[in-house]
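Overview (structure and organization)
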Amino acid sequence: MDFKYETQHLILKLLEPSWEYASKTLEFYKNNRVLFERYEAVRPLNFYTREYQKAVLSHEYHLALQKKYIRFWIFEKRQPEKLIGTISFYNILRSAFERCETGYKLDEAYWHKGYAREAMSFGVSLMFEELNLHRIEAYVMEDNSASIRLLKDLGFQFEGICRKSIRIRGSWEDHMLFARIKTDGTSNQNSPSYIPPSSPSENPESQTLSP
């Protein structure tokens with residue numbers, strides 16, 4: 001597996017720990033703080049500091065070397081110095097499992113360009129083809145309609161509700177479980193039907209599926 005890939009519009013990088021990249025990830029999280037925190041666990045008090053971001057980059061970099069946790073940071077080809085998102089593949093299990101979980105985040109300023117689908121499509125294929133995984137899972141809150149659509153477009157199938165499975169901002173929340181098997185196609189025609197809650201979310205176009 002390489003540390004840098006290019007798709008039609010994007011550059012995907014595994015970032016080495018540095019103060020420069022720590023500043024970029026910090027800016028990314030600060031710019032999207034309200035959106036991202038809505039779907040995530042409570043963050044440490046020092047999360048929004050360069051020191052914390054550099055420590056995370058270092059930790060994730062060493063896990064990537066061991067192929068235990070893969071996070072690609074997304075840059076747009078037209079402005080290759082601007083960090084605009086991330087996709088991650090984590091809880092990678094080998095032996096009898098050969099599986100992982102996935103998530104993504106995209107800067108609000110870059111929605112509606114197909115970038116989340118482009119990056120995730122490439123990343124999923126990479127996990128199946130280069131890491132030879134068998135199954136990829138994704139957990140998403142029921143009001144996150146944009147992520148649900150994306151997962152279905154990528155061939156993930158809805159498998160059920162995980163009750164009170166993840167604590168989001170201090171409250172245990174239900175999450176929908178989607179999964180894709182290596183032998184599945186990208187069509188979602190055979191996916192079990194699911195009707196989201198009738199009450200719309202405050203931001204139905206949210207482009208985040210943690211972590």
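Figured I'd write up the structure that's included with this text. All values derive from a computational prediction rather than experimental measurement.

In terms of regular secondary structure, the protein is built from 5 helices and 9 strands. A burial count over the protein gives 50% of its 211 residues as buried. Taking all contacts inside the protein whose residues are at least 6 apart in sequence as the whole, residues at least 24 apart take part in 67%. Surface summary for the protein: the accessible area is close to 10,600 Å², and the carbon and sulfur share equals 49%.

Going residue by residue along strand E2 (residues 10–13), you find Leu 10 and Leu 12 tucked away on one face and Ile 11 and Lys 13 tucked away on the opposite face as well. With 3 bridges joining them, strand E1 (residues 4–6) and E2 adopt antiparallel strand pairing. Bridging across to E2, Lys 4 finds its partner in Lys 13. In this antiparallel pair of consecutive strands, E1 and E2, the connection spans 3 residues. In this structure, E2 lies alongside strand E3 (residues 70–76), joined through 4 bridges in antiparallel fashion. Opposite Leu 12, over in E3, you have Ile 74 as the bridge partner.

Counting residues in each nonpolar core, the largest one holds 53 residues, and the members touching the most others are Ile 70 and Ile 87. Other than its neighbours up to four places away in sequence, Ile 87 contacts Leu 12, Ile 70, Arg 71, Phe 72, Ile 74, Gly 103, Tyr 104, Ala 119, Met 120 and Gly 123.

Turning to unusual backbone geometry, a few remarks are in order. Although it is not a glycine, Ser 95 adopts a positive phi angle of roughly 60 degrees. Within the secondary structure layout, Ser 95 lies in the loop between strand E4 (79–93) and strand E5 (99–106). Judged by its relative accessible area of 66%, Ser 95 is exposed. A positive phi angle is found at Asn 132, which is not glycine, with a value near 55 degrees. Here Asn 132 falls in the partly exposed class, since its relative accessible area comes to 46%.

About the cut-offs
Residues numbered from 1 in each chain as written. Predicted model: local features only at pLDDT ≥ 70, side-chain atom pairs only at ≥ 80, totals over all residues. Heavy atoms only, no water. Helix = DSSP H or I, 4+ residues; strand = E, 2+ residues; numbered from the N terminus. Buried < 20%, exposed > 50% of the residue type's maximum accessible area, 1.4 Å probe, protein only. Contact = heavy atoms within 4.5 Å. Areas by Shrake-Rupley, 256 points an atom, 1.4 Å probe, with all protein chains shown as cover. Pairing = 2+ DSSP bridges. Core = buried A, V, L, I, M, F, W, Y, C linked by side-chain atoms within 4.5 Å.

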